[in-house]
Amino acid sequence: GFIGRNQMMAYLVMMAARLVELHRVLRPTGSLYLHCDPTASHYLKIVLDTIFGPQNFRNEINWKRKYGRTGPIKRFGTACDVILFYTKSDSYTFHTQYIENDPAYIEKFFRHSDADGRRYQIDNLASPNPRPNLMYEYKGYKPPAKGWAISREKMEQWDREGRLHFPSSPEGRIRRKRYLDELKGEEVQSLWDDILPVASQAAERLGYPTQKPLALLERIIAASSNPGDVVLDPFCG
(Lines give C-alpha, C1' and ligand atoms only; values in the text may rest on other atoms or scores of the structure.)
Protein backbone atom coordinates (compact mmCIF):
# COMPACT_ATOMS: atom_id res chain seq x y z
CA GLY A 1 0.00 0.00 0.00
CA PHE A 2 0.88 3.70 0.08
CA ILE A 3 2.53 3.49 3.50
CA GLY A 4 4.73 0.60 2.41
CA ARG A 5 5.83 2.46 -0.74
CA ASN A 6 6.43 5.62 1.27
CA GLN A 7 8.62 3.75 3.77
CA MET A 8 10.66 2.17 0.97
CA MET A 9 11.21 5.54 -0.72
CA ALA A 10 12.29 7.11 2.57
CA TYR A 11 14.71 4.20 3.13
CA LEU A 12 16.18 4.53 -0.38
CA VAL A 13 16.62 8.31 -0.03
CA MET A 14 18.39 7.77 3.30
CA MET A 15 20.60 5.04 1.80
CA ALA A 16 21.41 7.03 -1.35
CA ALA A 17 22.72 9.99 0.68
CA ARG A 18 25.00 7.68 2.70
CA LEU A 19 26.17 5.72 -0.33
CA VAL A 20 27.19 8.93 -2.11
CA GLU A 21 29.39 9.84 0.88
CA LEU A 22 30.79 6.31 1.14
CA HIS A 23 31.71 6.39 -2.55
CA ARG A 24 33.40 9.77 -2.07
CA VAL A 25 35.74 8.60 0.71
CA LEU A 26 36.42 5.12 -0.74
CA ARG A 27 39.90 4.60 -2.14
CA PRO A 28 40.27 3.48 -5.79
CA THR A 29 41.30 0.03 -4.49
CA GLY A 30 38.30 -0.17 -2.17
CA SER A 31 35.08 -2.17 -2.22
CA LEU A 32 31.57 -1.91 -0.82
CA TYR A 33 29.52 -4.84 0.48
CA LEU A 34 25.90 -3.90 1.09
CA HIS A 35 23.74 -6.39 2.99
CA CYS A 36 19.99 -6.25 2.44
CA ASP A 37 16.95 -8.49 2.19
CA PRO A 38 15.26 -9.44 -1.11
CA THR A 39 12.51 -6.83 -0.71
CA ALA A 40 15.01 -3.98 -1.21
CA SER A 41 17.95 -5.51 -3.09
CA HIS A 42 16.69 -4.75 -6.60
CA TYR A 43 16.00 -1.10 -5.69
CA LEU A 44 19.39 -0.73 -4.03
CA LYS A 45 21.14 -2.19 -7.06
CA ILE A 46 19.71 0.62 -9.20
CA VAL A 47 20.91 3.18 -6.64
CA LEU A 48 24.37 1.57 -6.56
CA ASP A 49 24.58 1.41 -10.37
CA THR A 50 23.89 5.16 -10.42
CA ILE A 51 26.53 6.00 -7.78
CA PHE A 52 29.26 3.42 -8.44
CA GLY A 53 28.57 2.74 -12.13
CA PRO A 54 27.19 -0.55 -13.47
CA GLN A 55 30.68 -1.47 -14.69
CA ASN A 56 31.81 -1.65 -11.05
CA PHE A 57 29.17 -4.20 -10.02
CA ARG A 58 31.00 -7.42 -9.13
CA ASN A 59 28.57 -9.86 -7.49
CA GLU A 60 25.14 -10.37 -6.06
CA ILE A 61 26.03 -12.71 -3.20
CA ASN A 62 23.29 -14.85 -1.70
CA TRP A 63 23.89 -15.58 1.96
CA LYS A 64 21.81 -18.49 3.24
CA ARG A 65 20.94 -17.37 6.74
CA LYS A 66 17.73 -19.31 7.48
CA TYR A 67 17.33 -23.04 7.91
CA GLY A 68 14.43 -25.37 8.60
CA ARG A 69 10.72 -24.66 8.55
CA THR A 70 9.20 -21.27 7.79
CA GLY A 71 5.58 -22.03 8.72
CA PRO A 72 2.44 -22.37 6.59
CA ILE A 73 2.92 -19.45 4.18
CA LYS A 74 1.58 -19.28 0.62
CA ARG A 75 4.99 -18.96 -1.03
CA PHE A 76 8.43 -20.52 -0.88
CA GLY A 77 10.40 -19.74 2.24
CA THR A 78 12.99 -16.98 1.95
CA ALA A 79 16.27 -18.57 2.98
CA CYS A 80 18.76 -16.03 1.62
CA ASP A 81 19.68 -12.41 2.15
CA VAL A 82 21.52 -10.47 -0.53
CA ILE A 83 24.98 -8.89 -0.32
CA LEU A 84 25.73 -6.51 -3.20
CA PHE A 85 29.45 -6.24 -3.97
CA TYR A 86 30.65 -3.10 -5.79
CA THR A 87 34.09 -1.56 -6.25
CA LYS A 88 35.33 2.00 -6.72
CA SER A 89 37.33 1.11 -9.85
CA ASP A 90 38.94 -1.74 -11.78
CA SER A 91 42.05 -1.57 -9.59
CA TYR A 92 40.33 -3.04 -6.54
CA THR A 93 41.82 -5.41 -3.99
CA PHE A 94 40.54 -8.97 -4.14
CA HIS A 95 41.84 -12.25 -2.69
CA THR A 96 40.10 -15.47 -3.70
CA GLN A 97 38.67 -17.28 -0.69
CA TYR A 98 38.58 -21.05 -0.25
CA ILE A 99 36.57 -23.55 1.74
CA GLU A 100 37.25 -27.21 2.45
CA ASN A 101 36.37 -29.59 -0.36
CA ASP A 102 33.02 -31.33 -0.01
CA PRO A 103 33.64 -35.08 0.64
CA ALA A 104 31.10 -35.90 -2.11
CA TYR A 105 33.07 -33.68 -4.52
CA ILE A 106 36.29 -35.49 -3.61
CA GLU A 107 34.72 -38.91 -4.17
CA LYS A 108 33.34 -37.85 -7.53
CA PHE A 109 36.31 -36.01 -9.01
CA PHE A 110 39.40 -37.41 -7.23
CA ARG A 111 38.85 -41.09 -8.00
CA HIS A 112 42.49 -42.01 -8.64
CA SER A 113 45.24 -42.69 -6.11
CA ASP A 114 48.99 -43.21 -6.33
CA ALA A 115 50.66 -46.15 -4.63
CA ASP A 116 51.30 -43.93 -1.59
CA GLY A 117 47.58 -43.11 -1.34
CA ARG A 118 47.74 -39.55 -2.69
CA ARG A 119 44.43 -38.79 -4.41
CA TYR A 120 44.35 -37.01 -7.73
CA GLN A 121 42.11 -36.14 -10.65
CA ILE A 122 43.21 -36.31 -14.26
CA ASP A 123 43.13 -33.17 -16.34
CA ASN A 124 43.37 -32.50 -20.04
CA LEU A 125 46.81 -31.79 -21.53
CA ALA A 126 45.46 -30.88 -24.98
CA SER A 127 45.84 -27.33 -26.26
CA PRO A 128 42.50 -25.57 -26.87
CA ASN A 129 44.05 -23.76 -29.86
CA PRO A 130 46.20 -25.13 -32.72
CA ARG A 131 49.86 -25.43 -31.62
CA PRO A 132 51.83 -26.76 -34.60
CA ASN A 133 55.10 -26.50 -32.64
CA LEU A 134 53.71 -28.82 -29.92
CA MET A 135 52.65 -31.77 -32.11
CA TYR A 136 55.31 -34.15 -30.78
CA GLU A 137 54.85 -37.81 -29.79
CA TYR A 138 55.78 -38.79 -26.24
CA LYS A 139 56.66 -42.35 -25.26
CA GLY A 140 54.66 -43.63 -28.21
CA TYR A 141 51.55 -41.61 -27.42
CA LYS A 142 50.33 -39.41 -30.25
CA PRO A 143 49.62 -35.71 -29.67
CA PRO A 144 46.08 -34.36 -29.49
CA ALA A 145 44.53 -32.99 -32.67
CA LYS A 146 45.59 -29.39 -31.85
CA GLY A 147 48.82 -30.27 -30.07
CA TRP A 148 49.88 -30.44 -26.44
CA ALA A 149 49.35 -27.60 -23.98
CA ILE A 150 52.95 -27.89 -22.71
CA SER A 151 56.43 -28.18 -24.20
CA ARG A 152 58.40 -31.43 -24.40
CA GLU A 153 60.70 -30.14 -21.65
CA LYS A 154 57.74 -29.57 -19.36
CA MET A 155 56.30 -32.97 -20.27
CA GLU A 156 59.61 -34.64 -19.34
CA GLN A 157 59.78 -32.67 -16.07
CA TRP A 158 56.25 -33.70 -15.07
CA ASP A 159 57.05 -37.29 -16.04
CA ARG A 160 60.08 -37.29 -13.71
CA GLU A 161 57.93 -35.83 -10.93
CA GLY A 162 55.21 -38.47 -11.42
CA ARG A 163 52.64 -35.90 -12.51
CA LEU A 164 51.52 -37.66 -15.69
CA HIS A 165 48.70 -40.21 -15.98
CA PHE A 166 49.42 -42.67 -18.79
CA PRO A 167 46.43 -44.50 -20.33
CA SER A 168 46.48 -48.29 -20.68
CA SER A 169 45.78 -48.06 -24.42
CA PRO A 170 48.40 -46.62 -26.79
CA GLU A 171 45.54 -44.84 -28.53
CA GLY A 172 44.64 -42.98 -25.33
CA ARG A 173 45.82 -39.57 -24.21
CA ILE A 174 48.39 -38.66 -21.59
CA ARG A 175 46.78 -36.54 -18.91
CA ARG A 176 47.98 -34.43 -16.03
CA LYS A 177 47.56 -35.42 -12.38
CA ARG A 178 46.10 -32.76 -10.11
CA TYR A 179 46.77 -33.80 -6.52
CA LEU A 180 44.10 -33.10 -3.92
CA ASP A 181 46.62 -32.23 -1.21
CA GLU A 182 48.12 -29.46 -3.38
CA LEU A 183 44.83 -27.64 -3.89
CA LYS A 184 43.71 -24.88 -1.55
CA GLY A 185 40.14 -26.14 -1.53
CA GLU A 186 37.02 -25.09 -3.34
CA GLU A 187 36.83 -21.47 -4.41
CA VAL A 188 34.05 -19.56 -2.68
CA GLN A 189 31.29 -18.72 -5.17
CA SER A 190 28.42 -16.24 -4.94
CA LEU A 191 26.23 -18.61 -2.88
CA TRP A 192 27.39 -18.52 0.74
CA ASP A 193 25.65 -21.43 2.42
CA ASP A 194 28.41 -22.36 4.86
CA ILE A 195 28.08 -19.45 7.32
CA LEU A 196 25.36 -19.87 9.94
CA PRO A 197 23.41 -16.90 11.34
CA VAL A 198 24.19 -15.78 14.88
CA ALA A 199 22.43 -18.35 17.09
CA SER A 200 20.31 -17.26 20.04
CA GLN A 201 22.79 -18.79 22.50
CA ALA A 202 25.99 -17.81 20.65
CA ALA A 203 28.73 -16.11 22.69
CA GLU A 204 29.08 -13.41 20.03
CA ARG A 205 25.37 -12.50 20.10
CA LEU A 206 24.74 -8.86 21.05
CA GLY A 207 20.97 -8.90 20.74
CA TYR A 208 20.18 -6.75 17.70
CA PRO A 209 18.36 -8.35 14.74
CA THR A 210 20.72 -7.34 11.93
CA GLN A 211 23.90 -8.56 13.62
CA LYS A 212 26.28 -10.30 11.19
CA PRO A 213 28.22 -13.38 12.27
CA LEU A 214 31.95 -12.83 12.67
CA ALA A 215 32.65 -15.47 10.02
CA LEU A 216 30.75 -13.39 7.45
CA LEU A 217 32.70 -10.24 8.31
CA GLU A 218 35.99 -12.16 8.28
CA ARG A 219 35.33 -13.50 4.77
CA ILE A 220 34.51 -10.04 3.41
CA ILE A 221 37.52 -8.40 5.06
CA ALA A 222 39.90 -11.19 3.97
CA ALA A 223 38.64 -11.03 0.37
CA SER A 224 38.74 -7.27 -0.15
CA SER A 225 41.41 -5.79 2.09
CA ASN A 226 45.07 -6.13 3.04
CA PRO A 227 46.60 -6.02 6.54
CA GLY A 228 46.67 -2.41 7.71
CA ASP A 229 43.80 -1.26 5.48
CA VAL A 230 40.94 0.81 6.91
CA VAL A 231 37.58 -0.97 7.00
CA LEU A 232 34.40 0.99 7.78
CA ASP A 233 31.07 -0.40 8.95
CA PRO A 234 28.86 2.72 8.65
CA PHE A 235 25.80 1.07 10.21
CA CYS A 236 27.71 -0.76 12.99
CA GLY A 237 26.03 -4.00 11.99
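This text goes with the structure placed above it.
The rules we used
- Residues numbered from 1 in each chain as written.
- Predicted model: local features only at pLDDT ≥ 70, side-chain atom pairs only at ≥ 80, totals over all residues.
- Heavy atoms only, no water.
- Helix = DSSP H or I, 4+ residues; strand = E, 2+ residues; numbered from the N terminus.
- Buried < 20%, exposed > 50% of the residue type's maximum accessible area, 1.4 Å probe, protein only.
- Contact = heavy atoms within 4.5 Å.
- Areas by Shrake-Rupley, 256 points an atom, 1.4 Å probe, with all protein chains shown as cover.
- Lys, Arg positive; Asp, Glu negative; His and termini not counted.
- Charge placed at Lys NZ, Arg CZ, Asp CG, Glu CD.
- Core = buried A, V, L, I, M, F, W, Y, C linked by side-chain atoms within 4.5 Å.
- Arc of directions from axis to C-beta.

Enquirer: Help me understand the overall build of the chain, please; the structure alone is not making it clear to me.
Expert: Check the secondary structure of the chain and you find five helices and 10 strands. Expressed as a percentage of the 237 residues in the chain, the buried residues total 31%. Pairs at least 24 apart in sequence give 63% of the contacts found in the chain among residues at least 6 apart. Put simply, the chain shows about 15,600 Å² of open surface, and 54% of that area lies on carbon and sulfur atoms. Placing the 34 positive and 28 negative side-chain charges of the chain at their respective mean positions leaves the two points 5 Å apart.

Enquirer: Help me out: how do you make sense of unusual backbone geometry in this one?
Expert: A negative phi holds for most residues other than glycine; trans holds for most peptide bonds. Notably, lysine 139 is not glycine yet its phi reads approximately 50 degrees, a positive angle. The class of lysine 139 is exposed, set by a relative accessible area of 57%.

Enquirer: Looking at this model, I keep getting lost on the nonpolar core. Mind explaining?
Expert: Nonpolar side chains in soluble globular proteins generally cluster together in the buried interior. Formed by 16 residues in total, the largest nonpolar core has its most connected members in Leu19, Leu32, Leu34, Leu44, Leu48, Phe52 and Leu84. Those elements that provide at least two residues to this core are helix H1 (2-25), strand S1 (31-36), helix H2 (41-52) and strand S3 (80-87). Contact partners of leucine 48, with chain neighbours within four places excluded, come to Leu19, Leu32, Leu34, Gly53, Leu84 and Tyr86. With 11 residues, the next largest nonpolar core counts Tyr136, Tyr141, Trp148 and Trp158 among its residues.

Enquirer: For this particular structure, what's the right way to read the environment of cysteine 236?
Expert: Assignment of secondary structure puts cysteine 236 in the segment after helix H5 (214-224). The spacing of cysteine 236 and lysine 212 is 24 residues in sequence and 9.8 Å in space, taken between C-alpha atoms.

Enquirer: Which parts of the structure should I look at to understand helix H4 (residues 152-160)?
Expert: Within H4 the residues assigned to the buried category are Met155, Trp158 and Asp159. Viewed along the axis of H4, the buried residues span an arc of 105 degrees, placing them on a single side of the element. In H4, the exposed positions that point more than 90 degrees away from the buried face belong to Glu153 and Arg160. Buried-residue contacts for H4 involve strand S7 (164-165) and strand S8 (175-179). Positioned one or two residues after H4, glycine 162 has a phi angle of 75 degrees, which is positive.

So far we have only geometry, and geometry alone does not tell us how the molecule works.
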